[in-house]
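The primary structure of each chain is shown beneath.
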Amino acid sequence: MLMIAPLPPIVETALRESPVVSPVFVDWSELALPNCWIVAGAVFQTFWNSVHGFSPLHGISDIDLIYFDPDDLTEATENDNSMRINSHFRDLGVRLDVKNEARVHLWYEGRFGYAIKPYASAEAAMETFPTTAGAIGVRPAGQELEAFVPFGFDDLLNLVIRPNKRQITRSIYTDKVARWKPHWPQVDFLDWDD
């Protein structure tokens, strides 16, 4: 189910108070990328940190930023966009991981061992993100923040991580859970078979 919705206030507050996420929203026009979203861990881990009372950067290694440009699938342009954006936000103290979702199919098999079909949009890419709570993108919409949440907000708000089996394998999911579990003890990490 495709869903674009306003963020729940508790999630929006966590993002707006984050010293690494909020400045990106403030300078959104500097990104100058088509169909652009802050996604995945930058959203749900920022919320988890707020709920746990942790530092906003606890367990966060980068800010995932995706866009969709099917007219330029070159790695060079993606790298140029990444360098430009990271230069602009160099004072954040965290790297922005900038990816053109229109070109993911070109490198996915080499990294994960199996091929995928090209995505039709940034939203289609988010629908395949590894967890239901992590399948989320947020961007400014005027003065508000809007979210793309194909699985709704329930798992995010209830601190539940369950696999989204549309594309990932069991090992990808279990590796992520093993990496996240020590950082966020209040999260309910479901097994692959649950």
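Anyway, here's the lowdown on the structure attached to this text. (Residues numbered from 1 in each chain as written. Predicted model: local features only at pLDDT ≥ 70, side-chain atom pairs only at ≥ 80, totals over all residues. Heavy atoms only, no water.)

What to know about the packing of aromatic side chains
Piece 1. Scanning the model with the defined rule gives eleven aromatic pairs in all.
Piece 2. When the centroid spacing of 6.0 Å and the interplanar angle of 80° are considered together, the rings of Trp48 and Trp180 count as edge-to-face. Taken together, the positions of Trp48 in helix H3 (residues 41–52) and Trp180 in helix H8 (residues 170–180) put the pair 132 residues apart, joining distant regions of the chain. Of the two residues examined, Trp48 and Trp180, each falls in the buried class.
Piece 3. Put simply, the rings of Phe44, Trp48, Trp180, Trp184 and Phe189 touch in pairs and so form one group of aromatic residues.
Piece 4. Over the ring of Trp192 we find Lys165, and its NZ or CZ is 4.9 Å from the ring centre. (Phe/Tyr/Trp six-rings, centres within 6.5 Å; stacked < 30°, edge-to-face > 60°. Helix = DSSP H or I, 4+ residues; strand = E, 2+ residues; numbered from the N terminus. Buried < 20%, exposed > 50% of the residue type's maximum accessible area, 1.4 Å probe, protein only. Lys NZ or Arg CZ within 6 Å of the ring centre and 35° of its normal.)

Examining the sheet that holds strand E6 (residues 144–148)
Piece 1. Ordered in space as E1-E6-E5-E2-E3-E4, the six strands form an open sheet in which the pairing is mixed. Of all the strands in the sheet, the pair left with one neighbour each is strand E1 (4–6) and strand E4 (95–100). Neighbour-to-neighbour, the strand axes of this sheet turn through a mean angle of 35°, independent of strand direction.
Piece 2. Sheet analysis places strand E2 (residues 37–39) next to strand E3 (residues 62–67), joined by three bridges and oriented antiparallel. (Pairing = 2+ DSSP bridges. Axes fitted to C-alpha atoms, helices over the stretch in contact; angles between N-to-C directions.)

What about the environment of Ile161?
Piece 1. Mapped onto the elements of the fold, Ile161 is located in strand E7 (residues 160–161).
Piece 2. The exposure class of Ile161 is buried, given its relative accessible area of 0%.
Piece 3. Counting along the chain gives 31 residues from Ile161 to Pro130, while the straight-line C-alpha distance between them is 9.6 Å.
Piece 4. In this structure, Ile161 is in contact with Trp48, Thr131, Ala133, Tyr173, Val177, Trp180, Val187, Asp188, Phe189 and Leu190, ignoring residues within four places of it in sequence. (Contact = heavy atoms within 4.5 Å.)

Quick look at the nonpolar core
Piece 1. Within the largest apolar cluster, 66 residues are counted, with the highest numbers of intra-cluster contacts made by Ile38 and Trp48.
Piece 2. When residues of this core are assigned to their parent elements, the largest contribution, five residues, is made by H3.
Piece 3. Among all residues touching Trp48, those that are not within four sequence positions of it are Leu159, Ile161, Trp180, Trp184, Val187 and Phe189. (Core = buried A, V, L, I, M, F, W, Y, C linked by side-chain atoms within 4.5 Å.)

Structural notes on the packing of helix H1 (residues 9–17) against H3
When two helices pack together, their arrangement is given by the angle between the helix axes and the distance between those axes.
Piece 1. Contact pair H1 / H3: the axes reach a minimum separation of 9 Å and the direction vectors enclose 95°. Here H3 runs roughly perpendicular to H1, going by the angle between their axes. Of the residues in H3, those touching H1 at Ile10, Val11, Ala14 and Leu15 are Ala42, Val43, Thr46, Phe47 and Ser50.
Piece 2. A per-class count over the contact of H1 with H3 returns seven nonpolar, two polar and no charged. (Parallel < 35°, antiparallel > 145°, perpendicular 65-115°, else oblique. Nonpolar A, V, L, I, M, F, W, Y, C, P; charged D, E, K, R; others polar.)

Re the environment of Ile116
Piece 1. Looking at the secondary structure, you find Ile116 in the loop between helix H5 (104–112) and helix H6 (122–126).
Piece 2. Residue classification places Ile116 among the buried residues on the basis of a relative accessible area of 13%.
Piece 3. When the C-alpha positions of Ile116 and Gln167 are compared, they lie 8.2 Å apart, and in sequence the two are 51 residues distant.

Focus on the pattern of salt bridges
Piece 1. Considering all chains together, one arrives at eight salt bridges under this definition.
Piece 2. Its salt-bridge partner being Glu12, residue Arg16 comes within 2.7 Å of it at the nearest N-O pair. Taken as a pair, Arg16 and Glu12 lie in helix H1 at a separation of four residues, close to a single helical turn.
Piece 3. A relative accessible area of 36% means that Arg16 is categorised as partly exposed.
Piece 4. Of the charged contacts in the structure, one is a salt bridge between Arg95 and Asp97, with a shortest N-O distance of 3.6 Å.
Piece 5. The exposure class assigned to Arg95 is partly exposed, which follows from its relative accessible area of 43%.
Piece 6. Overall, the relative accessible area of 15% leaves Asp97 in the buried class. (Salt bridge = Lys/Arg side-chain N within 4 Å of Asp/Glu carboxyl O.)

In short, shape yes, function no, at least from these values alone.
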